[in-house]
Amino acid sequence: MSIQAIKDRKVKPFPAPSKPAEIIAFTARARRRFDPAAISGKLASTLVPPVIVVAIMLIVWQIACSSPTASLPPPSQVWNEAYDLIAHPFFNNGPQDIGLAWRVLISLQRVAIGFGLAAVVGVALGALVGQSIWAMRGLDPVFQILRTVPPLAWLPLSLAAFRDSSPSAIFVIFITSIWPVIINTAVGVRNIPEDYRNVSRILRLNQLEFFVKIMVPAAAPYIFTGLRIGIGLSWLAIVAAEMLTGGVGIGFFIWDAWNSSRLPDIIVALAYIGVTGFCLDRLVAAVGVFVTRGTTAKWEMDDDGLSETRPYR
Amino acid sequence: MTAYLKLDHIDKSFMRGGQVSDVLKDIRLTIDKGEFVSIIGHSGCGKSTLLNLIAGLAKVSAGAVLLEDKEVDSPGPERAVVFQNHSLLPWLTVYENINLAVSKVFGGKKSRAERHDWIMRNLDLVQMAHAKDKRPAEISGGMKQRVGIARALAMEPKILLLDEPFGALDALTRAHLQDAVMDIHSRLGSTTIMITHDVDEAVLLSDRIVMMTNGPAATIGEVLPVPLARPRRRIELSSDRTFLRCREAVLKFLYERHRFVEAAE
């Protein structure tokens, strides 16, 4: 919760002492904003521990791989041999010789299409399963079995169906990331408090209005949990799928580097993949926080309040 | 004159695992326009079920609910409910919560500016206009219940149904809200049915008190008119003879003749 919210709450209900309250709030805010010691202290406390850990890991790695018989390159060798990849993420020397950032963007584009489709179809199917007991009975067993199929097991089938590598990779992302979206949406919809349904019934909202105005916002925290798991899975799947389908994505780059024994390149690519996956996860989480407008944690579902409106037992 | 709202020989039973349990049996009641009626009874006597039947949220097993001689079989905005736990939508502000109701009920009839004025008028009525841009999580329980009342009133209902509206509030807030409801009732003359388990509240607010017997198969045990002039003031009434007599009658009904036996559940 922001400082702004606290200030508003204090000031609004009591109009009389609003002036002094406002002055206090302003000075408090100003002190926060222009206090370099506090800011640098906070930065240090969040940045220093991971920096130390990474430094220790690099040192251990360097020592462990320094011997001439070591099978993996030490960080110093990675830095020297893959310097071009690290320093110039956006170079472009022709169709197969492009910077890692371009490759990541191409993979991200596939993820965007596949995951976007999975999000739309997953929320719709999840809403259906959560809303209708018969849809749940029919579809839930199917979903529970299909969702355990590993992503790459779909690849031969989708290659046969689409006869092209790019749509096949997109389909693999779609089929991988859709299950958590469906299941979480269904749970969210099933957990919509009976009172919200009653409100919509009294207002005579039609199906579409109920879906847009009650169901999606009420289930939003669950939906975004599903989307977050889904985007993580789809990033896992795209790298694996591209290794097999080829093209210019980051996954194929790793496979290509392995075939030409460029181990330092692989290590740099792994770092790119990890950072990108982390950013994707945070991005979906941030969108979730924005869409649910920070109300998620504060939702109260006082259970005794609902009991009287439930059927008599 | 025909009754405004008529509960005509209503039975209600639920099926649970092949077993039928009777909740309400032979409920007969007529309510006039502008009347304030309280329904009181021990917990589990089916008074909330009765309210849900009037609201149309549950279906009667036998008999009928008639509003202006038309049968009620589904929920609708002309029978607005104020829920015990306010059930405001937490992702909408106070204003947006009421707007959801107003734009649905008056979407085709009022212009945007008229709807805005109507929302603000109803917020003023419950003295919540100052908090219109807050979310439910940012206001107190009493304020939420005020907004819940404003939302119900904004639907311009024929009947206002209050389901233990003050049950979750502390005593002082409850008194404030009771005064607010009395004030609104005297200004708008809205026909109101309130579920409560608070004897003082029932006597203070109602024109008539409907006392329910204990379940299973609960029914109306007695209907007590409250012949107190309005406006009523709680401090003056606390020593008023009629008030005390009504209070005693309800207490006697609840605690002597229809004592709540927990073991019977």
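Residues numbered from 1 in each chain as written. Chains lettered and ligands numbered in written order. Predicted model: local features only at pLDDT ≥ 70, side-chain atom pairs only at ≥ 80, totals over all residues. Heavy atoms only, no water.

Undergrad: An account of helix α9 (residues 165–190) of chain A is requested, with residue identities and associated values reported.
TA: The terminal C-alpha atoms of α9(A), which comprises 26 residues, lie 38 Å apart, in line with the 38 Å expected from a rise of 1.5 Å per residue. Along α9(A), the sharpest change in direction is near 35° and occurs at Ile178(A); proline Pro180(A) comes one to four residues later. (Helix = DSSP H or I, 4+ residues; strand = E, 2+ residues; numbered from the N terminus. Expected span 1.5 Å × (residues − 1). Bend = angle between axes of the 7 residues up to and from the residue.)

Undergrad: Outline the sheet that holds strand β2 (residues 19–31) of chain B, listing residues and values.
TA: Residues and elements named next belong to chain B. In spatial order, the strands read β2-β1-β4-β5; together these 4 strands make up an open sheet with antiparallel pairing. Sheet topology places β2 and β5 (70–71) at the edges, where each strand pairs with a single neighbour. Alignment of strand β1 (residues 5–16) against β2, held across 9 bridges, turns out to be antiparallel. By the bridge assignment, Met15 is partnered in β2 with Val20. Where helix α1 (residues 47–55) meets the sheet, its contacts fall on β1, β2 and β4 (62–67), and the angle it forms with β1 comes to roughly 115°. (Pairing = 2+ DSSP bridges. Contact = heavy atoms within 4.5 Å. Axes fitted to C-alpha atoms, helices over the stretch in contact; angles between N-to-C directions.)

Undergrad: Help me get a handle on the sheet that holds strand β6 (residues 79–82) of chain B, residues and values and all.
TA: All names here are of chain B. Taken together, the 6 strands give an open sheet; going across it, the order is β6-β7-β8-β3-β9-β10, and neighbouring strands pair in mixed fashion. Looking along the sheet, the strands with just one partner apiece sit at the ends: β6 and β10 (220–225). Across the sheet, the mean angle from the axis of one strand to that of its neighbour is 20°, orientation sign disregarded. Taken strand by strand, helix α8 (residues 241–257) contacts β3 (36–40), β9 (208–212) and β10, and its axis lies near 170° from that of β10.

Undergrad: Provide a residue-level description of the packing of helix α4 (residues 141–154) of chain B against helix α5 (residues 171–188) of chain B, including the pertinent values.
TA: All names here are of chain B. Two elements in contact, α4 and α5, have axes whose closest approach is 10 Å; the angle formed by their N-to-C orientations is 20°. Taken together, α4 and α5 sit at an angle that is classed as roughly parallel. Between α4 and α5 the crossing geometry is right-handed. Along the contact surface, α4 presents Gly142, Gln145, Arg146, Ile149 and Leu153, while α5 presents Thr173, His176, Leu177, Ala180, Val181, Ile184 and Leu188. Its residues assigned to classes, the contact of α4 with α5 comprises 7 nonpolar, 4 polar and 1 charged. (Parallel < 35°, antiparallel > 145°, perpendicular 65-115°, else oblique. Left-handed = near helix turned anticlockwise from the far one by under 90°. Nonpolar A, V, L, I, M, F, W, Y, C, P; charged D, E, K, R; others polar.)

Undergrad: Which residues make up the packing of α9(A) against helix α11 (residues 207–245) of chain A, and what values go with them?
TA: Residue and element names in this part refer to chain A. At a minimum axis distance of 7 Å, the contact between α9 and α11 shows a crossing angle of 155°. Classified by the angle between their axes, α9 and α11 sit roughly antiparallel to one another. The interaxial crossing formed by α9 with α11 has right-handed handedness. Among the residues making up the contact of α9 with α11, the classes are represented as 17 nonpolar, 11 polar and no charged.

Undergrad: Kindly report on the confidence of the model for chain A, identifying the contributing residues and their values.
TA: All names here are of chain A. Averaged over every residue, the pLDDT of chain A is 82; residues scoring 70 or more account for 82%. Note on residues 1–30: pLDDT is under 50 here. Beyond four places in sequence and across chains, it has 15 contacts. Counting interchain partners and residues more than four positions distant, the pLDDT-below-50 stretch residues 296–313 has 33 contacts. (pLDDT = per-residue confidence, 0-100.)

Undergrad: Lay out the packing of aromatic side chains with the relevant residues and their values.
TA: Following the criterion strictly, the structure yields 8 aromatic pairs over all chains and no others. When the ring of Phe162(A) is compared with that of Phe171(A), the centres are 5.7 Å apart and the planes differ by 50°; the resulting orientation is tilted. Put simply, the rings of Trp154(A), Phe162(A), Phe171(A) and Phe174(A) pair up and form one aromatic cluster. Just above the ring of Phe106(B) sits the side chain of Lys110(B); from NZ or CZ to the centre is 4.7 Å. A cation over a ring is seen here: Lys110(B) above Trp118(B), with NZ or CZ 4.5 Å from the ring centre. (Phe/Tyr/Trp six-rings, centres within 6.5 Å; stacked < 30°, edge-to-face > 60°. Lys NZ or Arg CZ within 6 Å of the ring centre and 35° of its normal.)

Undergrad: Let's hear about α1(B): which residues, and what values?
TA: Most of α1(B) sits out of view: 9 of its 9 residues are buried. At the exit of α1(B) stands Gly56(B), carrying a positive phi of roughly 90°. (Buried < 20%, exposed > 50% of the residue type's maximum accessible area, 1.4 Å probe, protein only.)

Undergrad: Account for the nonpolar core, with residues named and values stated.
TA: Here is a general trend for soluble globular proteins: nonpolar side chains tend to be buried in one another's company. Among the nonpolar cores identified, the biggest contains 147 residues, and Leu5(B), Leu7(B), Ile149(B), Ile193(B), Ile209(B), Met212(B) and Val250(B) are the most heavily contacted of them. Once you skip the residues sitting within four places of it in the chain, Ile209(B) turns out to touch Ser38(B), Ile40(B), Ala202(B), Val203(B), Glu222(B), Val223(B), Leu224(B), Val226(B) and Val250(B). (Core = buried A, V, L, I, M, F, W, Y, C linked by side-chain atoms within 4.5 Å.)

Undergrad: Provide a residue-level description of the environment of Ser158(A), including the pertinent values.
TA: All names here are of chain A. Following the sequence through the fold, Ser158 ends up in helix α8 (residues 155–162). Residue classification places Ser158 among the buried residues on the basis of a relative accessible area of 2%. In sequence terms Ser158 and Ile170 are 12 residues apart; their C-alpha atoms lie 9.5 Å from each other. In this view, Ser158 contacts Arg163, Ser168, Phe171 and Val172; residues no more than four positions away in its chain are not counted.

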